[in-house]
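Here is what each chain is made of, one letter per residue.
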Amino acid sequence: MSSYKPARLLLWWAAVLLQLLPAASALARDLPDFTRLVEQVRPAVVNISTVSGRQTDAAGQSEDRDGQQPPGGVPFDDLLRKFFEDRGGDGIPPVPRESLGSGFIISPDGYILTNRHVVKGADKIVVRLSDRREFRAKLVGMDKPSDIALLKIDASNLPVVRMGDSDRLKVGEWVLAIGSPFGFEHSVTAGIVSAKGRTLPHENYVPFIQTDVAINPGNSGGPLFNLDGQVVGVNSQIFSRTGGYMGLSFAIPSNTAMQVAEQIKTKGRVSRGWLGVYIQDVTGELAESFGLDKPRGALVARVLPGSPAEKAGIRVGDVIVTYQGHAVEQSSALPPMVGATPVGAEARVTVIRDRKTVPLTVTIRELPRTITASESRPPARQKLNQRIGLAVVDPDTAQRKALELGDYGVVVKRVEADSPAGDAGIQAGDGIVMMHGAKVKDARQFDRLVAGLPAGKVVSVLVHRASGPLFVTLKVPAG
């Protein structure tokens, strides 16, 4: 085995480094330089400070005026939080609450966009421009489902942002945020788009943009820019175990934000399209039972009486696969599409029904504030169905109302361990409304339906729970 002399070894490494330099230089050229972009857009970004006279309760929890608490419950306790929810200690006397946030100017005459949770409940809102001028802001209006608020200051000839088309944003694209994290005004952070169309708990009408841009308290309401200097999102939420940035940030798409802002400005409130269905994702087993080539679409678990969906002929068990020509890959994609549809407009919907493609046209109505359920009929007997391992009874009036069963359905009284029903996740107290595509009228007819189920096959079962309707799959015994 030969060995290199020190001089020859040095020359060899030098040659290797010379070969690598062009590649490193090209990589450096491909990385974005944000300096000119920041100089162009920073003047239109503002700092927002608020003062509120709201008090905290004995547990130190700030009370929201509409009764809404921060998202909670496993697995989201202390994970997903809107910024600025005050958490004072026990025994502290009530004092005015101050908070900081961000926003951006969308018109030269002083209209400013920010998050609702930044200004919610504020008695005083102060906007500070990049040139240090301060203005007392008026709250024009705000919208809870989208977390958007529109402010107005008395000024003119203000610098404004350029709004971009968030629908054209691509995963992997560079984006930049400007805001006031922890009060450090006009801080700039950058990253890439991690995902699009994210649905977060209690946020059905916003297809969030997920990024890895560093966002912290104070960034809320600030703009998310693309490399062309256009606003493509409004920074709104983070996913965190500590309350600080952990690599997951969420922004409201600019198209959604501007639709909301325009309605607030022109009508004083926001109206959303309404279809009138309860939907769920299609699992692999459900796709098999409904004859789909793969899991896709939004499975209709309930059609509300008198709703646009019912009038258009949409049925329970239909799988909505397209809406207005756009593919519905997951159920979470449908509500933002419907919500953005103008009230009174006709929408083209394609459903899979009985393994066939059915085109339908729905006239979209406005999302109502309250939806009532129907009720009916008295109870019956309880008998164990040996084939699938559960006992059902006819529901009484209270059960029909609680489970929103309408004129159909039975209530599960008992589920055998290690039974097909138990394996399917059916629980005592569930209402069973449909089995293998057939509506369940009462306990007697339920037994007949079970007797006619195809042996060894997977069938779908529609259950109603207190949390809402849900399709599950049940494997029928082969024997």
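Here, the structure is the one placed above.
Residues numbered from 1 in each chain as written. Predicted model: local features only at pLDDT ≥ 70, side-chain atom pairs only at ≥ 80, totals over all residues. Heavy atoms only, no water.

Draft legend 1. Spotlight on the overall build of the chain. When you go through the chain residue by residue, the secondary structure sums to ten helices and 30 strands. A total of 479 residues make up the chain; the buried ones form 47% of that total. Long-range contacts, defined here as pairs at least 24 residues apart, represent 62% of the contacts in the chain between residues at least 6 apart. Total accessible area on the chain is roughly 24000 Å²; 52% of this is exposed by carbon and sulfur atoms. (Helix = DSSP H or I, 4+ residues; strand = E, 2+ residues; numbered from the N terminus. Buried < 20%, exposed > 50% of the residue type's maximum accessible area, 1.4 Å probe, protein only. Contact = heavy atoms within 4.5 Å. Areas by Shrake-Rupley, 256 points an atom, 1.4 Å probe, with all protein chains shown as cover.)

Draft legend 2. Up close: helix 10 (residues 443–451). Listed as buried for helix 10 are Ala443, Gln445, Phe446, Asp447, Leu449 and Val450. N-cap assignment for helix 10: the residue whose side-chain oxygen lies 3.3 Å from the backbone N of Arg444 is Asp442. (Polar contact = N/O pair within 3.5 Å; in protein donor to acceptor, adjacent residues only side chain to side chain.)

Draft legend 3. Spatial organisation of a nonpolar patch on the surface. A cluster of nonpolar residues, Leu31, Trp174 and Leu227, forms a patch on the protein surface that exposes about 270 Å² of accessible area. The residue Leu31 is located in the loop between helix 1 (6–30) and helix 2 (35–41) in this model. (Patch = residues over 30% accessible without salt bridge, like charges linked within 9 Å, V, L, I, M, F, W, Y side chains within 5 Å. Salt bridge = Lys/Arg side-chain N within 4 Å of Asp/Glu carboxyl O.)

Draft legend 4. Local environment of the pattern of salt bridges. By the definition in use, this model includes eleven salt bridges. Put simply, Arg128 and Glu134 hold a salt bridge, and the shortest N to O gap is 3.8 Å. For Arg128, a relative accessible area of 24% corresponds to the partly exposed category. In this structure, the salt-bridge partner of Arg269 is Glu366, at a minimum N-O distance of 2.7 Å. In this pair, Arg269 sits in the loop between helix 4 (254–267) and strand 16 (273–274) while Glu366 sits in strand 23 (residues 365–366), placing the two residues 97 residues apart along the sequence. When its relative accessible area of 39% is taken as the criterion, Arg269 is described as partly exposed. When salt bridges that share partners are traced, they join Arg128, Arg132, Glu134 and Glu185 into one network.

Draft legend 5. Spotlight on the environment of Val45. Mapped onto the fold, Val45 is located in strand 1 (residues 45–52). The class for Val45 is buried, based on a relative accessible area of 2%. Dropping the residues within four chain positions of it, Val45 is found in contact with Gly103, Phe104, Ser130, Ile178, His186, Pro223 and Phe225.

Draft legend 6. Representation of the pairing of strand 26 (residues 410–415). Bridging between strand 25 (residues 390–393) and strand 26 involves four bridges; their strand directions are antiparallel. Looking at strand 26, one finds that Leu390 is bridged to Val415. (Pairing = 2+ DSSP bridges.)

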